[in-house]
Amino acid sequence: MRRGLTSAILAWSLADIGAAADIPPDDRRSGTTVMGPALQAMQNDDSGNPAGLWLADGQALWDERNGDADKSCADCHGAAATAMKGVATRYPAVDPVSRQPIDLEQRINLCRTTRQKAPALAFESRELLSLTALVARQSRGLPIAVAVTPESRPFIDAGNALFHRRQGQLDLSCAQCHDDNWGRHLGGAVIPQGHPTGYPLYRLEWQTLGSLQRRLRNCMAGMRAEPYAYGSPDAVRLELYLMWRAQGMTWEAPGLRP
């Protein structure tokens, strides 16, 4: 309870600092840079990163036939290592059918329901996280490259507005922490810039793999705000803005964080 009260007081003090300022491109930093050398080494070593367990499951699911179509991901796409290279760096993206942005998890579920004729996987389920991690792994080392088009621009702008909007009982915005006060300490932890370069990632606090939307929901709960539902339009628009904000940064997924 004392730790929660301390965090709340610190959050209130951050709220008084002023309007958010965008981080210049040359000053952008991945959350990896605020971790110690041991955690950085663990993230970069596939044999030491706990996310490797989900990667193995993802490969098995990639090759497994499912649904009424009796098809596997590999039947349509071939080997994930080649077919999925660069894919994760482009999501969320505007779906040409719904004309709404969808994230990588939703894209995987669309493939399941439309191509495999199989039920959609639940958000944060081991199966969906495993497939997402497998797809994301194939883009490691590539630059984030979400499409900025007349179709995507309004959704990026909507995500920008959400990032800068004060909300919750603490009356905080995402930008006040991650633009204005990155590098400072809040509740004993270094405030990162909030770039989604490593998702899905294994978080030591969670003792499991988790999606970017899970992390966003955690942040909103810390702001004493109502978290967005998994897969909601606001959640995906905020994801899209964060990926646009990290445009050109190196993709690290599946990452690892404290």
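Let me sum up the structure you'll find in this document. By convention here, each chain's residues receive numbers from 1 onward along its written sequence. For a predicted model such as this one, the threshold for reporting local features is a pLDDT of at least 70, and the threshold for listing and counting side-chain atom pairs is 80 or more; totals across whole chains, interfaces and linings nevertheless cover every residue. Excluding hydrogens and water, the side-chain figures rest on all heavy atoms present in the structure.

Focus on the layout of surface pockets
Here is step 1: Computed over the protein atoms alone on a 1 Å grid, cavities are sets of points where a 1.4 Å probe fits but cannot get out and pockets are open sets with protein on both sides within 12 Å along at least five of seven lines; a residue lines them when it has an atom within 4 Å of a point. Grid points are joined across faces, edges and corners, and a volume is the space filled by probe spheres set on the points. Empty space within the second largest pocket amounts to approximately 380 Å³.
Here is step 2: A run of H or I in DSSP counts as a helix once it spans at least four residues, and a run of E counts as a strand once it spans at least two, with each numbered from the N terminus. Of all the secondary structure elements, the ones that give two or more residues to the lining of the second largest pocket are α4 (73–77), α6 (104–116) and α7 (126–137).
Here is step 3: Considering every element that reaches the lining of the second largest pocket, the biggest residue donor is α6, with seven residues.
Here is step 4: Classification convention: Asp, Glu, Lys, Arg as charged; Ala, Val, Leu, Ile, Met, Phe, Trp, Tyr, Cys, Pro as nonpolar; all other residues, Gly among them, as polar. Tallied by class, residues from the lining of the second largest pocket come to 12 nonpolar, three polar and four charged.

A short note on the sheet that holds strand β5 (residues 201–203)
Here is step 1: Read across the open sheet, the three strands follow the order β6-β5-β7; overall the sheet is mixed. Looking at the sheet topology across the chains shown, the edges are occupied by β6 (208–210) and β7 (255–257). Across this sheet, the average inter-strand angle for adjacent strands is 35°, counted without regard to direction.
Here is step 2: For two strands to pair, DSSP has to find at least two bridges joining them. Judged from the three bridges that link them, β5 and β7 form a sheet pairing that is parallel. Residue pairing in the sheet places Arg203 in a bridge with Arg257 of β7. Angles run from 0 to 180 degrees between N-to-C directions of axes, and those axes are lines fitted to C-alpha atoms, restricted for helices to the stretch in contact.

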